[in-house]
2 protein chains.
Amino acid sequence: MSGAPHTRRPATLASLAAELGVSRTTVSNAYNRPDQLSAPLRARVLEAARRLGYPGPDPVARSLRTRRAGAVGLLLTEALSYAFRDPVATGFLEGLALACEQAGQGLLLVPVSPEHADVTAVHQAGVDGFVVYSVREDDPHFLAVLQRPVPTVVCDQPIGVEGVDRVGVDDRAAMLGMARHLTGLGHRRFGVLCMRLTAHRHDGPADEARQAQTSYPVQRTRLAGLRDGFAEVGVTWAEVPVHERFEHTIDAGAAAAAELLAAHPDITALVCTSDILALGALRYAVQHGLGVPEELTITGFDGVPEAERAGLTTVRQPVRDKGQVAGELLLERGDRSKPRQVILPTELVVGTTSKAPRALHRFFSGW
Amino acid sequence: MSGAPHTRRPATLASLAAELGVSRTTVSNAYNRPDQLSAPLRARVLEAARRLGYPGPDPVARSLRTRRAGAVGLLLTEALSYAFRDPVATGFLEGLALACEQAGQGLLLVPVSPEHADVTAVHQAGVDGFVVYSVREDDPHFLAVLQRPVPTVVCDQPIGVEGVDRVGVDDRAAMLGMARHLTGLGHRRFGVLCMRLTAHRHDGPADEARQAQTSYPVQRTRLAGLRDGFAEVGVTWAEVPVHERFEHTIDAGAAAAAELLAAHPDITALVCTSDILALGALRYAVQHGLGVPEELTITGFDGVPEAERAGLTTVRQPVRDKGQVAGELLLERGDRSKPRQVILPTELVVGTTSKAPRALHRFFSGW
DNA sequence: TTGAAAGCGCTAACAT
DNA sequence: ATGTTAGCGCTTTCAA
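Chains are numbered independently. Their residues run from 1 in the order of the written sequence. Throughout, the order in which chains and ligands are written sets their labels, letters from A for the former and numbers from 1 for the latter. Only residues with pLDDT of at least 70 get local features here, since the model is predicted, and only at 80 or more are side-chain atom pairs given and counted; chain-wide, interface and lining totals rely on the full set of residues. Derived side-chain values reflect all non-hydrogen atoms in the structure, with water molecules and hydrogen atoms excluded from consideration.

(A) Expanded view of the protein's contact with DNA strand D. Lining the immediate surroundings of DNA strand D are 29 residues, of which Thr12, Leu13, Tyr54 and Arg65 of chain A together with Thr25 of chain B lie closest. Any residue with a non-hydrogen atom lying within 4 Å of a molecule or strand is treated as near it. Backbone atoms, meaning sugar and phosphate, make up 62% of the atoms of DNA strand D lying within 4 Å of the protein. Ser23 of chain B has a polar backbone atom sitting 2.8 Å from a phosphate oxygen of DNA strand D. Labels follow the DSSP assignment, with helices taken as runs of H or I lasting at least four residues and strands as runs of E lasting at least two, numbered in each case from the N terminus. Elements with a minimum of two residues in the surface near DNA strand D: helix H2 (24-32) and helix H4 (59-66) of chain A together with helix H2 (24-32) and helix H4 (59-66) of chain B. With 5 residues, the top contributor of residues to the surface near DNA strand D is H4 of chain A. Any pair of nitrogen or oxygen atoms within 3.5 Å is treated as a polar contact; in protein, a donor-acceptor pairing is required on top of that, and neighbouring residues in sequence qualify only through side-chain atoms on both sides.

(B) Layout of the protein's contact with DNA strand C. In the vicinity of DNA strand C lie 29 residues, with Thr26 of chain A together with Thr12, Leu13, Tyr54 and Arg65 of chain B positioned nearest. For DNA strand C, the fraction of protein-proximal atoms (within 4 Å) that sit in sugar or phosphate groups is 63%. Between DNA strand C and the protein, one listed contact pairs a phosphate oxygen with a backbone N or O atom of Ser23 of chain A at 2.9 Å. Between Tyr54 of chain B and DNA strand C, the recorded distance is 2.6 Å, taken from a side-chain N or O atom to a phosphate oxygen. Looking at the surface near DNA strand C, the elements that each hand over two or more residues are H2 and H4 of chain A together with H2 and H4 of chain B.

(C) Quick peek at the UniProt feature "domain: HTH lacI-type" (unreviewed entry) in chain A. UniProt positions are given in the numbering used here, feature names are shortened, and annotations may be inferred rather than shown by experiment. When the UniProt feature table is mapped onto this chain numbering, "domain: HTH lacI-type" (unreviewed entry) sits at residues 11-66 of chain A. With 70% helix and 0% strand, the stretch residues 11-66 of chain A has end C-alpha atoms that lie 21 Å from each other.

(D) Examining the interface of chain A and chain B more closely. In this analysis, two residues are considered to be in contact whenever any of their non-hydrogen atoms come within 4.5 Å of each other. Contacts between the two partners involve 54 residues from chain A, matched on the other side by 55 residues from chain B. As a working definition, buried area equals the accessible area (1.4 Å probe) given up by two parts on being put together, with both sides summed. Taking both sides of the interface into account, the surface hidden between chain A and chain B amounts to around 4800 Å²; carbon and sulfur atoms contribute 63%. The salt bridge definition used is simple: a Lys or Arg side-chain nitrogen within 4 Å of an Asp or Glu carboxyl oxygen. At the junction of chain A and chain B, the tally comes to 4 salt bridges. For the salt bridge of Asp58 of chain B with Arg67 of chain A, the shortest nitrogen-to-oxygen distance reads 3.0 Å. Scanning the region where chain A abuts chain B turns up 12 residue pairs in polar contact (both at pLDDT 80 or more). Looking at the side of chain A that touches chain B, the elements that each hand over two or more residues are H4, helix H5 (87-103), strand S2 (106-109), helix H6 (120-124) and helix H7 (140-147) of chain A. Charged residues are taken to be Asp, Glu, Lys and Arg, nonpolar residues to be Ala, Val, Leu, Ile, Met, Phe, Trp, Tyr, Cys and Pro, and polar residues to be all remaining types, Gly included. Taken together, the residues of the side of chain A that touches chain B sort by class into 27 nonpolar, 15 polar and 12 charged. Strand pairing is defined by DSSP finding a minimum of two bridges between the two strands. Note that S2 of chain A and strand S2 (residues 106-109) of chain B share 3 bridges and pair antiparallel.

(E) Examining the packing of aromatic side chains more closely. Residue and element names in this part refer to chain A. Only centres within 6.5 Å qualify two rings of Phe, Tyr or Trp (six-membered ring in Trp) as a pair; their planes then separate them into stacked at under 30 degrees, edge-to-face at over 60, and tilted for everything else. Taken as a whole and judged by the stated rule, the model has 9 aromatic pairs over all chains. A ring pair is formed by Tyr31 and Tyr54, whose centres lie 5.9 Å apart and whose planes are at 70°; its orientation type is edge-to-face. Linking Tyr31 in helix H2 with Tyr54 in the loop between helix H3 (39-52) and H4, this pair joins segments that are 23 residues apart in sequence. A network of ring pairs unites the aromatic residues Phe190, Phe230 and Trp237 as a single cluster. A cation over a ring is seen here: Arg196 above Phe246, with NZ or CZ 3.7 Å from the ring centre. The criterion is that NZ of a Lys, or CZ of an Arg, lies within 6 Å of the ring centre and within 35 degrees of the ring normal, and then a charge sits over that ring.

(F) Just the nonpolar core, in detail. Counting 98 residues, the largest nonpolar core has Leu74 and Leu270 of chain A together with Leu74 and Leu270 of chain B as its most contacted members. By nonpolar core is meant a set of buried Ala, Val, Leu, Ile, Met, Phe, Trp, Tyr and Cys residues that side-chain atoms within 4.5 Å join together. Each residue's exposure class comes from its accessible area (1.4 Å probe, protein chains only) as a fraction of the maximum for that residue type: buried when under 20%, exposed when over 50%, partly exposed otherwise. Ranked by size, the runner-up nonpolar core spans 42 residues in total, among them Val127 of chain A together with Ala121, Val122 and Val127 of chain B.

(G) Geometry of the side chain of Ser354 of chain A. Residue and element names in this part refer to chain A. One can find Ser354 in the loop between strand S13 (347-349) and helix H15 (358-366). With relative accessibility at 11%, the residue Ser354 sits in the buried group. A polar side-chain atom of Ser354 sits 3.0 Å from a polar atom in the side chain of His181. A polar contact of 2.7 Å, which involves the side chain of Ser354, links it to the side chain of Thr313. Once you skip the residues sitting within four places of it in the chain, Ser354 turns out to touch His181, Leu182, Leu185, Pro293, Thr297 and Thr313.

Following this line, the structure appears as structure tokens:
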């Protein structure tokens, strides 16, 4: 196959121009404005470029001059590699990639290790704007993004940042709907499994004080939806045990379910703030002979394919659309004057993991 | 939350220096070499920067000067968004992201629409090197990458490009192993489902002429492994029907299986060059009451999680490691003089979809 | 249609 | 410890 010198760069636009005895402008035009010079001259330039191994205008130098990098930066809450394991993040990425692709923009994944609070990666990123995917309010990387003089779009969280567009769903309304679904079935004793609430690892019960402290607005909002829904039937939030998990994995969900059910064996419905956690809970139930939904109702949030396959009762949200809208919002050449907020619809999906609690089964059968 | 002017950039390193009455070097050092100036002075600089809304050195200008972009470009064979749907690609990306993350390098997804042969995106990419994931030999984007004066690492294909590192597996040996597994079970009548062989859409039988034309070395090599394995028991390649599908989806696999089985109802083993195609074939078989493995043996290649769950007999390859090694190969500061080639191990996974053909069942039972 | 001049914003020698 | 001097490679008015 063809071989080329992949090592040094001797040739530059200026050297090429000198070699040809034309001006730098002409060479530049040969690449960027073919209509600004005669076809034969252009051919001569391109031929000489090939001969000298000139790879065309240096992208970085051009970016400096034109003040556009041709790429969008993506800031994720977790380690970069996590994004490819989590089905929700993957869906978001697919949508975002689609939008970038259509606009001919690159997508730069900014390397952030949540451990190291090293913000330099954000400063290094040669991008025309940032998409921020679901990071906590006080994330230093996010703060660094805000410093950058480029437009920013947030997906999900943080919420209410001045001058920043946002795409998300109505988490509170969605969870309120879920709560009503469950109370409508007759459930009154609930348990809740939620994702991490702070930057610091904590696994176990999360009391109201801790819930109030969360730096993840989405978790706060989902819990608020539940609280309000339960309140409608007289279940006070104080009596609902909430367990938190730092890791967002099926294993973590299973462990949390085990823990919560051990402490509160009387609950009839286990509400999870994500499908992954719910799938973990489901696995725990199956492995321990706990009938779902006969003995225990389990619900999730997100509507990932695995959940659908498992028949999980959940809230489906358009993750792919979120990514696409985020990209469009950022790349849209339009009115940047006032920040925009896009709220996408959700849908309650009643699967096979929710049902009236056992006591009512008996009640109804005795009828 | 904090608000900042996300619109204009009035402040620059030079203007800050002027404002403070110090040299540009000093301001630069304040950011890049804190040990090169007194702490108080540095504090003064940083304070002034905050006050004037100076976001720190412009990354593009710095890149131009330092000649490094701090990012790796990724070239994919398919549309960008496809990468997030295909489990093999996702695994690769996870590994690559991991390597980038560890090296503090960004990962730039280069937007290529396979339809438009528009190569500008490759020229625009401000990166220090490229990782090329499984593209065809004559891909114009790949050719454009080779022009760029930066190091390049290829995963899987193309093969044997001068001056380019590569990571892959021994596809021929792996498929040879699969062939022997099947011939060892007693199979003699095979059908093969393979992925696209050329840039142009073709769905249906692929005769030897077409197979020879392929611009995808991996497909060629996998078929060669089968051919050699079958030859060992006297099955000539000419008598093995090979069907090709352009799309790489479960639906495509199902359609291809239907087509091939209709034309060759006598085959006892259907070998697929990917798990996705095999899962499609499996679905077809299940839906049409064809017993697997009793009436038909089906095998795949890759070892994706879905395949494992389905009990597919397949070749497991370390897709995540491929990504990680590709990244390390590229980012490694070491010896760039001679191109390196890394071949990762594969493993034949015998699942529940392969078994001796029916004729032999009878034969053995009669024994 | 082509060329000359003027930077884009920054860093790295090399002084001091 | 701080400043001076040169560019990195390119695009873009503006003039010829």
